Amino acid sequence: MTVDNTPVELTHGTDHSKARTIQTFMRRTSALSATQRHALQDCAHLLITEPVSDARLMFNQPKQPVIVEIGFGMGHSLVEMAKAAPEHNFLGIEVHIPGIAQCLYEAGQANIHNLRVMNADAVQVLMNLPDASLAGVQLFFPDPWQKRRHFKRRFVVPERMALIEDKLSVGGFFHTATDWQPYAQWMLDVLENQSRLKNKYGAGQFAPRPDWRPETKFERRGQIAGHGVWDLIYERVNS
Ligand SMILES: C[S@@+](CC[C@H](N)C(=O)[O-])C[C@H]1O[C@@H](n2cnc3c(N)ncnc32)[C@H](O)[C@@H]1O
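Here the structure is a predicted model, which is why all the values come from computation and not from measurement.

Chemist: Please explain the overall build of the protein as it appears in this structure.
Modeler: A tally of regular secondary structure across the protein gives 7 helices and 8 strands. Over its C-alpha trace the protein gives a radius of gyration of 17 Å, about what one expects of a compact globule, namely 18 Å for 239 residues. Principal-axis analysis of the C-alpha atoms gives the protein an extent of 50 × 45 × 40 Å. Looking at the 239 residues of the protein, the share that counts as buried comes to 35%.

Chemist: Looking at this structure, how should I read the sheet that holds strand E7 (residues 197–199)?
Modeler: Whenever strands of a sheet pair, they do so through backbone hydrogen bonds, lying parallel or antiparallel. With mixed pairing, the 8 strands of this open sheet are ordered in space as E1-E4-E3-E2-E5-E6-E8-E7. Each end of this open sheet is capped by a strand with a single partner; those strands are strand E1 (47–48) and E7. Here strand E2 (residues 66–70) runs beside strand E3 (residues 89–94); their pairing, made up of 5 bridges, is parallel. Paired with Val68 across the bridge in E3 is Leu91. This element, helix H2 (residues 76–84), spans E2, E3, strand E4 (115–119) and strand E5 (134–140) of the sheet and lies at about 170° to E3. Strand contacts of helix H3 (residues 97–110): E1, E3 and E4, with the helix running at about 165° to E4, the strand carrying the most contacts.

Chemist: Mind showing me how you'd approach the site of the ligand here?
Modeler: Near the ligand there are 23 residues, and of these Phe25, Gly71, Gly73, Phe141 and Thr216 occur at the shortest range. For the shell around the ligand, the leading source of residues is helix H7 (residues 217–224), giving 3 residues. Among the residues making up the shell around the ligand, the classes are represented as 12 nonpolar, 6 polar and 5 charged.

Chemist: Is there a simple way to explain the packing of H2 against H3 in this structure?
Modeler: Two quantities define a packed helix pair, namely the angle between the axes and the distance from one axis to the other. Axis separation between H2 and H3 bottoms out at 9 Å; the angle between their running directions is 30°. Judged on the interaxial angle alone, H3 and H2 are roughly parallel. Crossing geometry of H2 relative to H3 is assigned as right-handed. For the pair formed by H2 and H3, the contact residues are His76, Leu78, Val79 and Lys83 on the first element and Cys103, Glu106, Ala107 and Ala110 on the second.

Chemist: Sorry, what's going on with the packing of helix H1 (residues 34–42) against H3 here?
Modeler: Close contact between H1 and H3 brings their axes to 8 Å; oriented N to C, the two are set at 70°. When the interaxial angle is binned, H1 and H3 end up roughly perpendicular. For H1 against H3, the interelement crossing comes out left-handed. Here Thr35, Gln36, Arg37, Ala39, Leu40 and Asp42 of H1 lie close against H3, whose contacting residues are Pro98, Ala101, Gln102, Leu104, Tyr105 and Gly108. When its residues are assigned to classes, the contact of H1 with H3 shows 6 nonpolar, 4 polar and 2 charged.

Chemist: Could you clarify how one ought to interpret the environment of Gln23 in this entry?
Modeler: Residue placement: Gln23 occurs in the segment before H1. Counting along the chain gives 129 residues from Gln23 to Lys152, while the straight-line C-alpha distance between them is 8.8 Å. When sequence neighbours within four positions are dropped, the list of residues in contact with Gln23 reads Asp121 and Arg153.

Chemist: Honestly, the confidence of the model for the protein in this entry has me stumped. Any pointers?
Modeler: Note that predicted coordinates carrying low pLDDT should not be read in detail. In the predicted model, the protein carries a mean pLDDT of 92, and 92% of its residues have values of at least 70. Contacts of residues 1–19 to residues separated by more than four positions or lying in other chains number 22 contacts, the stretch itself having pLDDT below 50.

Chemist: What is the right way to look at the environment of Cys43 in this model?
Modeler: On the secondary structure map, Cys43 appears in the loop between H1 and E1. Judged by C-beta crowding, with 19 C-beta atoms within 10 Å, Cys43 ranks as partly exposed. Linking Cys43 and Asp231, residues 188 residues apart in sequence, is a C-alpha distance of 32 Å. Cys43 has contacts with Leu104, Tyr105, Ala107 and Gly108, leaving out every residue within four places of it along the chain.

Chemist: Got a minute to help me understand unusual backbone geometry in this structure?
Modeler: For residues besides glycine, phi is generally negative; the peptide bonds are generally trans as well. Residues other than glycine seldom take positive phi values, yet Asn111 does so here, at roughly 55°. Despite not being glycine, Ala132 shows a phi value in the positive range, around 55°. Mapped onto the fold, Ala132 is located in the loop between helix H4 (122–128) and E5. Given 13 C-beta atoms within 10 Å, Ala132 falls into the partly exposed group.

Basis of the calculations
Residues numbered from 1 in each chain as written. Predicted model: local features only at pLDDT ≥ 70, side-chain atom pairs only at ≥ 80, totals over all residues. Helix = DSSP H or I, 4+ residues; strand = E, 2+ residues; numbered from the N terminus. Rg over C-alpha atoms; globule rule 2.2 N^0.38 Å. Buried ≥ 20, exposed ≤ 12 C-beta atoms within 10 Å, placed from the backbone. Pairing = 2+ DSSP bridges. Contact = placed C-beta atoms within 7 Å. Axes fitted to C-alpha atoms, helices over the stretch in contact; angles between N-to-C directions. Near = placed C-beta within 6 Å. Nonpolar A, V, L, I, M, F, W, Y, C, P; charged D, E, K, R; others polar. Parallel < 35°, antiparallel > 145°, perpendicular 65-115°, else oblique. Left-handed = near helix turned anticlockwise from the far one by under 90°. pLDDT = per-residue confidence, 0-100.

Below you can see the structure in the form of C-alpha cells.
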C-alpha cells in the first residue's frame, strides 16, 4: 500500500491570528425524536454547557480517572463502557445533536453518574484542559475523510496527536479503531512516530479487537459493508 506522508496543515492562510482551525467533522442536521427531545431536558444534569478548564471537576467523584471519548456518535457504546467501569469518569464530546440527545437518554435510563456529555469540538475542549490530566482518550471509527484534499480533516494527524500526548498522564492510553483499511495504515504510521506514545502490542502492530470494547454503530455499518476492523492502542510514556 502506498502511504502519503505529505505533512498536513491544520490552519488556513499564513496569518495565524486570522487562521481558521480545520474541523474534523461536518455538522449533520436531522430531526430529534420525542424521546431525544425530552432527554435533553430530563438529563440536562449530565450535559456540560460551560467551557471546561478541568474535566476532573465535573464529576461527583472528582478523584476518579477521566477517560475522554471523541465523537461518540449515538453514544450507545460509551454508555456501556461507563456502566462497566464505575471507577472511571467518562467525558463524551460530540457535535451531532441527535447523538448527544440519544446518549443522554441512554445514560439516564442506565442511571449512571460517571458520564458527562459535551456538545463541542473535541479539539477546542482538549486545548483548554490541563496537561497530563486524562487517563485515556478514545476515538472509535472516526470519519475517514477519504479524498486526498480532505486528509487534513482526519483526526489522527501528528498535530492533533501531539495535543492528545499533552493531555494524557504518563501511563494513560489512546485507543482508536477504524473499519477503513487505508486510514488504519495512515493511523499506524502517524502514531508510530509520536515520541510520547508506545504501542501496547509492539511497534507497528494492530491490537486484537478487545472484547471489552462494545460494538459501535459505525463498526456495525462497516461490517455490513464487508469491511474489517483495526484497533490501535498506545500508552503515554515519558519521551
Ligand atoms: C463516523 S462517526 C463515528 C461515531 C461513533 N464513534 C461510532 O463508531 O458509531 C464520527 C463522529 O465523530 C464526530 N466528530 C468528528 N470530529 C469531532 C470533533 N472534533 N469533536 C467532536 N466530535 C467529532 C462526528 O460528529 C461523528 O458523529
